[in-house]
Amino acid sequence: MLVLLGISSVIAIVVPEPNRDDPPAEESATGATGATGVTDSEGATGETGATGETGAAGTTGATGKNDQAPAAVPGVVNRTVSLDSKRPVRIKAKPGTRMVLTVESRSGSEVEVEGLGLAGFADPFAPAVFDIVFPGEPGTFKVLAPGEKAAATITTRG
C-alpha cells in the first residue's frame, strides 16, 4: 500500500500540469448569435455588421441585426418553433426557398416535418434542426411530434 502511495506521489511530481487554453465558461469564442464579425459584410437584414473585437478572451462581435439566426446566411430564412406551444405557429415561405428550422422541446420527443420526409429528435439540451429546401410547387407541411397536434404549419405559395 505504501509502495503505491510512493509511486503515485513521484508521478504527480514528475508529470507537468496540463496547459488549459480553453476560455472560461462565462465567455464564448463567438458572439451572441454565433457569427464572427467581418468588416464591411452585410448581415441577413442587408445592414453592415460590426467588426468583432478580438481580445485576450477571444470574443467576437455579431454580424448584422438578425437575432433569430445562429449564423446569418444571405438568402436563408431562420425560424424557431416549440413543440410545447399551445397554439400552432403559421409560417409562410416561397416555393424553392431555403429555411433552417429549429424545433425546441422541454421534454425529449421525435419531430417530423410531414410531406418532406424529415425527422429528428429534440430535447431540452439539443433542439432538432432541419435545413429545408422547399419543393418548387406550392404545398403545406406540418411540424409535429408523432401522434400529437402540429406545432407549426409551413405554407409555401408563389
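Just so it is clear, the model here is predicted, and its values are computed rather than measured. (Residues numbered from 1 in each chain as written. Predicted model: local features only at pLDDT ≥ 70, side-chain atom pairs only at ≥ 80, totals over all residues. Heavy atoms only, no water.)

Q: When you look at the overall build of the chain in this model, what are you seeing that I'm missing?
A: What the chain contains, in helices and strands, is one helix and eight strands. The linear arrangement of helices and strands in the chain, starting from the amino end, is α-β-β-β-β-β-β-β-β. Accessible surface computed for the chain: about 10,700 Å², of which carbon and sulfur atoms make up 55%. (Helix = DSSP H or I, 4+ residues; strand = E, 2+ residues; numbered from the N terminus. Areas by Shrake-Rupley, 256 points an atom, 1.4 Å probe, with all protein chains shown as cover.)

Q: Would you explain the sheet that holds strand E6 (residues 128–133) in this entry?
A: Sheets are built from strands paired through backbone hydrogen bonds, the pairs being either parallel or antiparallel. Ordered in space as E1-E3-E6, the three strands form an open sheet in which the pairing is mixed. The sheet is open, and its two edges are formed by strand E1 (76–82) and E6, each paired on a single side. Averaged over all neighbouring strand pairs, the angle between strand axes comes to 20 degrees, with direction disregarded. Summarising the sheet, E1 and strand E3 (residues 98–104) pair through seven bridges and their orientation is parallel. Looking across to E3, one finds that Val76 is bridged to Arg98. (Pairing = 2+ DSSP bridges. Axes fitted to C-alpha atoms, helices over the stretch in contact; angles between N-to-C directions.)

Q: Teacher, can you tell me more about the pattern of salt bridges here?
A: Side chains that carry opposite charge are capable of pairing whenever their charged atoms lie near each other. One pass over the structure, following the stated rule, counts two salt bridges. For Arg106, the salt bridge identified is with Asp84, shortest N-O distance 3.8 Å. A residue pair is termed long-range when its members are at least 10 positions apart, and Arg106 in the loop between E3 and strand E4 (109–113) and Asp84 in the loop between E1 and strand E2 (89–93) qualify at 22 residues. Accessibility expressed as a relative area gives 28% for Asp84, which makes it partly exposed. (Salt bridge = Lys/Arg side-chain N within 4 Å of Asp/Glu carboxyl O. Buried < 20%, exposed > 50% of the residue type's maximum accessible area, 1.4 Å probe, protein only.)

Q: What's the story with the nonpolar core in this structure? I'm lost.
A: Most often, soluble globular proteins keep nonpolar side chains buried together rather than apart. Leu101, Val103, Val111, Phe130, Val143 and Ile154 are the most contacted members of the largest nonpolar core, which has 20 residues in total. Excluding residues within four positions of it along the chain, Val111 makes contact with Leu83, Val103, Leu118, Ala119, Gly120, Ala122, Ala128, Phe130, Val143 and Leu144. (Core = buried A, V, L, I, M, F, W, Y, C linked by side-chain atoms within 4.5 Å. Contact = heavy atoms within 4.5 Å.)

Q: I'm lost on the sheet that holds strand E7 (residues 139–144) in this one. Help?
A: Spatially, five strands are ordered E2-E8-E7-E4-E5 in an open sheet, and the strand pairing comes out mixed. Where the open sheet ends on each side, the last strands, each with one partner, are E2 and strand E5 (118–122). Each adjacent strand pair in this sheet contributes to an overall mean axis angle of 20 degrees, direction not counted. The pairing of E4 with E5 spans five bridges and is classified as antiparallel. Among the inter-strand pairings, Val111 is bridged to a residue of E5, identified as Gly120.

Q: Looking at this model, I keep getting lost on the pairing of E3. Mind explaining?
A: For a regular strand, side chains alternate in direction, first toward one face of the sheet and then toward the other. Of all the seven residues making up E3, five are buried; the element is thus mostly covered by neighbouring parts of the structure. The sheet contact formed by E3 and E6 spans six bridges and is antiparallel. Residue pairing in the sheet places Arg98 in a bridge with Val133 of E6.

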